[in-house]
Number of protein chains: 2
Amino acid sequence: MHAELQLKNQICFRLYTAARLITQAYTPVLTALGITYPQYLVLMVLWEDDNLPVNDIARRLVLETNTVTPLLQRMEKQGIVVRKKGEQDKRQQIVSLTDKGKQLEEEAYAHIPESMRNQLSACPLNLDDYMNLANELDSIINTLKK
Amino acid sequence: MHAELQLKNQICFRLYTAARLITQAYTPVLTALGITYPQYLVLMVLWEDDNLPVNDIARRLVLETNTVTPLLQRMEKQGIVVRKKGEQDKRQQIVSLTDKGKQLEEEAYAHIPESMRNQLSACPLNLDDYMNLANELDSIINTLKK
DNA sequence: TACATTTGCATCGTGAACGATATAAATAGA
DNA sequence: TCTATTTATATCGTTCACGATGCAAATGTA
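The rules behind each value
Residues numbered from 1 in each chain as written. Chains lettered and ligands numbered in written order. Predicted model: local features only at pLDDT ≥ 70, side-chain atom pairs only at ≥ 80, totals over all residues. Heavy atoms only, no water. Contact = heavy atoms within 4.5 Å. Buried area = accessible area lost by both parts, 1.4 Å probe. Salt bridge = Lys/Arg side-chain N within 4 Å of Asp/Glu carboxyl O. Polar contact = N/O pair within 3.5 Å; in protein donor to acceptor, adjacent residues only side chain to side chain. Helix = DSSP H or I, 4+ residues; strand = E, 2+ residues; numbered from the N terminus. Pairing = 2+ DSSP bridges. Axes fitted to C-alpha atoms, helices over the stretch in contact; angles between N-to-C directions. Buried < 20%, exposed > 50% of the residue type's maximum accessible area, 1.4 Å probe, protein only. Near = heavy atom within 4 Å. Nonpolar A, V, L, I, M, F, W, Y, C, P; charged D, E, K, R; others polar.

(A) The arrangement of the interface of chain B and chain A in detail. Opposite the 61 residues of chain B that make contact, chain A presents 61 residues. Summed over both partners, the interface of chain B with chain A comes to about 5900 Å²; 71% of that surface belongs to carbon and sulfur atoms. In this structure, the connection of chain B to chain A is made through 2 salt bridges. Asp-138 of chain A is paired through a salt bridge with Arg-14 of chain B; the nearest N and O atoms lie 2.9 Å apart. At the junction of chain B and chain A, the tally comes to 16 residue pairs in polar contact (both at pLDDT 80 or more). Within the residue set of the side of chain B that touches chain A, elements represented by two or more residues are α1 (11–33), α2 (37–48), α3 (54–61), α5 (99–119) and α6 (127–144) of chain B.

Spelled out as structure tokens, the structure:
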């Protein structure tokens, strides 16, 4: 019985579980908007900076392009984004929001923050705890991101 | 531009990213052992308590059986576990470690904690920070787990 | 300029997650 | 006891992640 190999001592298992559960908490609102959580992440990037090549989106989400490309293909099929070949660099695919993709921002703003506040209202963490958590997660992310 | 909808303000995105990156950090060692991270989680459960029904394993990992069943089927195919129909309750599948599955505990103990310590050695968090992080994650998990 | 290397994206295969559905065994209630 | 409900597990379809590979455009170098 090695303490290092017990679930209850694993930060990674906690991260894995917390990430799954909080993504599940997003699912009902996102489903009402017709999108998934990774698609929501792509939209947050594009709401902040539209007309980005696949590479930039992947870099901001700390994902590989072989994850993002199929994601964008599904989003294009749903009419949320369009992809156009880059003009200076013809290898690039420039991803842009459609009107539908832009409208989703207002719907997201209207429902998502409130829904998440409700679902986490019973959580004993206060604002300082969340900022602390954010900093600790950033430390781990920056250490492991190459 | 809604601050609530920016990536840099999202705890969920941080959790999602940190979980992915730390799982990736496990991958090289686990690949050498011939297993994946979710399979390692199943093994940690069985190393602590062998001969469990699918349901118990799923509950401890906060997963559904429709995730765990295929996982166990792959592990059985690799000769790490065996599944036998329950004797009192014939609906149950009792999952047990094979010799190979038991041996993996020593190999895991020999390599995994050291590898993770190395990879996180540049991380500025100290032991108190990690315990704090564990508590904060437990708060979120317990709030969202039904 | 000619060729090698790098870069940007796409495709393929595998293993998760998970909602929805199915099936058999166990349990509850009339 | 007989039927209805619940429980334990399995199956199916879709979407991610991600390693490996492929290809064309761009860049570097002799």
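(B) Layout of the sheet that holds strand β3 (residues 93–97) of chain A. All names here are of chain A. Within the open sheet, the 3 strands sit side by side as β1-β3-β2. Their pairing is antiparallel. Looking at the sheet topology across the chains shown, the edges are occupied by β1 (52–53) and β2 (81–85). Across 2 bridges, β1 lies against β3 in antiparallel orientation. Across the sheet, Pro-53 pairs through a bridge with Ile-94, a residue of β3. Each of β2 and β3 touches helix α4 (residues 65–77); the most contacted strand, β2, lies at about 115° to it.

(C) Molecular detail of unusual backbone geometry. All names here are of chain A. Notably, Asn-51 is not glycine yet its phi reads approximately 60°, a positive angle. Relative to the helices and strands, Asn-51 resides in the loop between α2 (37–48) and β1. Asn-51 sits in the partly exposed class, given a relative accessible area of 45%.

(D) Focus on the protein's contact with DNA strand D. The local shell around DNA strand D holds 26 residues, among which Thr-36 and Arg-74 of chain A together with Arg-20, Gln-24 and Arg-91 of chain B are the closest. Put simply, 73% of the atoms of DNA strand D that lie within 4 Å of the protein are in sugar or phosphate. Arg-91 of chain A is positioned such that a nitrogen or oxygen atom in its side chain is 3.4 Å from a base nitrogen of DNA strand D. Note that a base oxygen of DNA strand D is positioned 2.6 Å from one of the side-chain N or O atoms of Arg-91 of chain B.

(E) Layout of the protein's contact with DNA strand C. Gln-24, Thr-69, Arg-83 and Arg-91 of chain A together with Arg-74 of chain B are the nearest of the 26 residues found near DNA strand C. Per the 4 Å cut-off to the protein, sugar and phosphate atoms form 75% of the nearby atoms of DNA strand C. Between DNA strand C and Asn-55 of chain A, the relevant distance is 2.7 Å, taken from a phosphate oxygen to a main-chain nitrogen or oxygen of the residue. Residue Gln-73 of chain A places a side-chain N or O atom 3.0 Å away from a phosphate oxygen belonging to DNA strand C. Contributing elements (two or more residues each) for the surface near DNA strand C: α1 (11–33), α3 (54–61) and α4 of chain A together with α2 and α4 (65–77) of chain B. The class makeup of the residues in the surface near DNA strand C is 6 nonpolar, 13 polar and 7 charged.

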